[in-house]
Amino acid sequence: MLVYGFINSIILALIALGFSMTFGISRVANFAHGSFYVLGGLLTWFFLRKAGLPYVISVIAAVVIVGILGAAMYRFLLVRLRGLELAEVISTFALGLIILELMRSMGIMGFQYRIPPFVPGSVSVFGTYVGIQRLIIVGAGLFLLVIIYLFVHHTRLGLAFRGVAQDDHTAFTVGINPDRISMLSLMVGSMLVSLAAILILPLGTISVDDGYDILLKSLAVCIIGGLESTFGVLVAAFILGYAEVLTSMYISSSLSMVVPLLCMLVILLIKPSGLFGKYKELEERI
Amino acid sequence: MNINSEKRRSGMRNRMMFTVAVFLFGFLAVSPPIAFSAEKPIVIGVPSSLKMLESAEALNAIIMATEEINAKGGVKLGGAQRPLKVASIDTRGGEPGVPISDALLAIEKLFLEQKPDAVVLGPFRSEVLLAAMDLYEKYKMVSINVAMTPKFIEKYSSDPAKYKYCFRMLNAKYVVGYLMKTMAKLNKDYGFNKVYIVVQDVLWATAIGNGMKGWFEKNGWQVAGMDAYPTGASDFSSSLLKAQQSGAQVIMPIFDMASSGTLALQWKDMRVPAVPVGFISPLMGSKAAETFGNDVVEGVVNIAFQAGNVPLAKYPPATDFYNAYKKRWGQELQAGHMPSEAYDSVFVMANAIEKADSLDPDKLIKAIEEADYKGSIGRIRFKDHEIVFGEDPAENAILVIYQWKNGKRVPVFPESVAEGPIDKPKWMK
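Parameters at a glance
Residues numbered from 1 in each chain as written. Chains lettered and ligands numbered in written order. Predicted model: local features only at pLDDT ≥ 70, side-chain atom pairs only at ≥ 80, totals over all residues. Contact = placed C-beta atoms within 7 Å. Helix = DSSP H or I, 4+ residues; strand = E, 2+ residues; numbered from the N terminus. Pairing = 2+ DSSP bridges. Axes fitted to C-alpha atoms, helices over the stretch in contact; angles between N-to-C directions. pLDDT = per-residue confidence, 0-100. Buried ≥ 20, exposed ≤ 12 C-beta atoms within 10 Å, placed from the backbone. Left-handed = near helix turned anticlockwise from the far one by under 90°. Nonpolar A, V, L, I, M, F, W, Y, C, P; charged D, E, K, R; others polar. Right-handed = clockwise from strand over helix to strand, strands pointing away. Arc of directions from axis to C-beta.

Asks: Any chance you could explain the interface of chain B and chain A here in plain terms?
Replies: Many authors give the size of an interface as the accessible area that is lost as the parts come together. If you look at the interface, chain B gives 33 residues, while chain A gives 27 residues. Taken together, the elements giving at least two residues each to the side of chain B that touches chain A come down to α3 (53–71), β9 (222–229), α9 (237–246) and α10 (261–269) of chain B.

Written as structure tokens, this is what we have:
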């Protein structure tokens, strides 16, 4: 239970990481996040199974395409709506719906859409057998968190990201273009969620309905952890990951999907900015 | 001058007549017989969740059936041969999060706009069917449905005069019956007596889970646990851990959702020493071995809810349908329930229309009640508006339990169509 709780927590963190990063920098709540997840998985499947490309090339191609789509979404849609938060949410959600329902109407259904695991098989971890793909997810998840930390704190672009996240007007006065940085944050966030999809989807099959589920889970993790806090995402993912497993193990598996939403409501009532978020608090102070 | 003019007029007339003759010939050559095309088609309504694999393939099967009937001249009604026409609508009722009321609105839209004469297939989800029974009554729409909940018969029996418009092609109780016999066989052959039940949290699946739980407890089995997962769940580790810790030899999964493929993969990864015997829809079709890997599907025992959705060497009509589907649509069936029964439903309905010689609902209902048709799922007869299942396709409709062996689906029950025994998986020996 401890092992699977840990793995599920990392999976949740991976799913939510892109959403949190995008919001933290550009203040755009990307409600097309779930559809980018499914699209990333499906593109990989297409390149791998239909185009016959090698696995690595398929992964790179899918991640790049979804990244470009994220950037294009900002450049051609969101840039005109900056500051209109409700319009941003509605437009990204609408785009997400269009992507998912287009896939559905193109006949993406059934069970054959599956990305193979990077390495098949399972090994014993503290006496419990775990699929190697799950261990890869854990490794890749932790690696990504470290990379993002290093990127944001030790690269020129990363520092520009932080500058815009702290105050885009001030960042502008020192020569950072907030629109360009926001566009890049959408691109990086979209690439992260497609990478998450490519890591996680070999555990099952690709389904269009996953898009809605992933968006809900991302929202739950980010709201609990604090929308713009990467550390908060990690903590919230562990809270939810273990809460789901414990609920399923000791209360009822039928409630396992209700837990994230319940946690989200409780946190919103107690601390509206999330466990590590400052956004709402600052807004209220002003 | 006059002679030349007359010649020109004559030449023009000839060319015109030739053109008209060619045009008429072409028109007649490509047109169906005039008597046929002049008749108003009989509209078969198909309101279902058409973006679900099972319903989508069922719609293909329905189209195939109407094409076959139309190719033979259509349905004889009132002295004329009338073609069948399919009018479908995607109710989305099977998709997670879609409210029943939305699915009902879609059904009503079909009734009002397309004005079908009868309905086949019907709602994907049992919950929607139960609600739609009142719509069928409101519009006096004779329907042959496929959703499986045992509550259908409860509702029908509560007011047969009101719900007489509804027929149904399968009851979950027959799935329970087949699983009981399979479990009894596993108990007798291999001494299995401990089971862990994992089901999808929807009416039909929980009904099967509860039905089996009762049977296990009365028949000397130990039920180590029963968990219900919401549609869309994708982590089953807690149930698998509990199954492993309890020493269960059998896991009985009942799922028709895409993410249940994860259950099979997790079962394999966690090396749970229990054989899955039940219904996992992603492991149903011929492509499952390729999609999930031979090592994952090997030894799994799955139940196809009707013959025809898997080919049967010992019952040719099932194989004929399976092969005809592949020929018509260019790929093999992947769904374990709905296509073959939907296909047969069209023939049952067409025969009933001919027998009643009317589209009057009451006459049609009587004709369906008296139906006796040999289809791809076996012999079709109705009792209390539900099809009767048995174990011999010559006598009744049948389900098929099969086991994955070396990447192939081998029918193991009922005996009338079995092509081998249920093997104990090699890793259990």
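Having seen it, we continue.
Asks: I tried to follow the sheet that holds strand β18 (residues 408–413) of chain B on my own but got confused; where do I start?
Replies: Each strand in a sheet pairs with its neighbour through backbone hydrogen bonds, running either in the same direction (parallel) or in the opposite one (antiparallel). Residue and element names in this part refer to chain B. With mixed pairing, 7 strands are arranged side by side in an open sheet as β9-β8-β10-β11-β12-β17-β18. Each end of this open sheet is capped by a strand with a single partner; those strands are β9 and β18. Sheet twist, expressed as the average angle between the axes of neighbouring strands with direction ignored, equals 25°. Sheet analysis places strand β10 (residues 250–255) next to strand β11 (residues 275–280), joined by 4 bridges and oriented parallel. In the sheet register, V250 faces β11, and the bridge partner there is V275. Of the strands in this sheet, β8 (194–200), β10 and β11 touch α10, which is tilted by about 170° from β11.

Asks: I keep staring at the confidence of the model for chain B and nothing clicks. Help me out?
Replies: Should the pLDDT be low somewhere, the predicted coordinates at that spot are not to be read in detail. Residues and elements named next belong to chain B. With 91% of its residues at a pLDDT of 70 or more, chain B shows a mean pLDDT of 89. The secondary structure element of chain B with the lowest average pLDDT is helix α2 (residues 34–37), at 46, and the one with the highest is helix α14 (residues 339–356), at 97. Counting contacts from residues 30–37, a segment whose pLDDT is below 50, to residues more than four positions away or on other chains yields 6 contacts.

Asks: Help me out: how do you make sense of the environment of E332 of chain B in this one?
Replies: Residue and element names in this part refer to chain B. Its location among the elements puts E332 in the loop between α13 (316–329) and α14. Accessibility expressed as a C-beta count within 10 Å gives 15 for E332, which makes it partly exposed. In this structure the C-alpha to C-alpha distance between E332 and N309, which are 23 residues apart in sequence, comes to 9.5 Å. In this structure E332 touches S286 and K326, once residues within four positions along its chain are discounted.

Asks: What should I look at first to understand the packing of helix α3 (residues 55–76) of chain A against helix α8 (residues 178–200) of chain A in this one?
Replies: Residue and element names in this part refer to chain A. Relative orientation of the contacting elements α3 and α8 amounts to 145°, with a least axis distance of 7 Å. With respect to the hand of their crossing, α3 and α8 are arranged in right-handed fashion. Residues V59, A62, V63, V66, G67, L69, G70, A71, M73, Y74 and R75 of α3 form the contact with α8, whose own contacting residues are S182, M183, L186, M187, G189, S190, M191, S194, L195 and I198. For the contact of α3 with α8, a count of residues per class yields 14 nonpolar, 6 polar and 1 charged.

Asks: Help me understand the pairing of β11 of chain B, please; the structure alone is not making it clear to me.
Replies: A regular strand places its side chains on the two faces of the sheet in alternate fashion. Residue and element names in this part refer to chain B. By the criterion of burial, β11 is predominantly enclosed, with 6 of the 6 residues buried. Regarding topology, α10 serves as the crossover connection from β10 to the parallel β11, and that connection is right-handed. When β11 meets strand β12 (residues 301–304), the two strands line up parallel, connected through 2 bridges. Considered in β12, the bridge of V277 is made with V301.

Asks: Help me understand helix α15 (residues 361–369) of chain B, please; the structure alone is not making it clear to me.
Replies: Each full turn of the α-helix corresponds to 3.6 residues, which orients residues three or four apart in the same direction. All names here are of chain B. For α15, every residue scored as buried is listed here: L364, A367 and I368. Down the axis of α15, the smallest arc covering the buried residues is 100°, so these residues share one side. In this structure, the buried residues of α15 make contact with β5 (118–121), β7 (166–168), α14 and β15 (382–383).

Asks: Looking at this structure, I do not really get the environment of A236 of chain A. What am I missing?
Replies: Residue and element names in this part refer to chain A. Mapped onto the fold, A236 is located in helix α10 (residues 230–251). Given 30 C-beta atoms within 10 Å, A236 falls into the buried group. Residues A236 and C263, spaced 27 residues apart in sequence, show a C-alpha to C-alpha distance of 9.6 Å. When residues no more than four places from it in sequence are discounted, the contact partners of A236 are V221, I224, G225 and L275.

Asks: How should the pairing of strand β2 (residues 128–131) of chain A be read in this particular structure?
Replies: All names here are of chain A. Summarising the sheet, strand β1 (residues 122–125) and β2 pair through 4 bridges and their orientation is antiparallel. The residue of β2 that forms the bridge with V123 is V130. Linking β1 back to β2 in an antiparallel pair, the connection comprises 2 residues, with F126 at a positive phi of about 50°.

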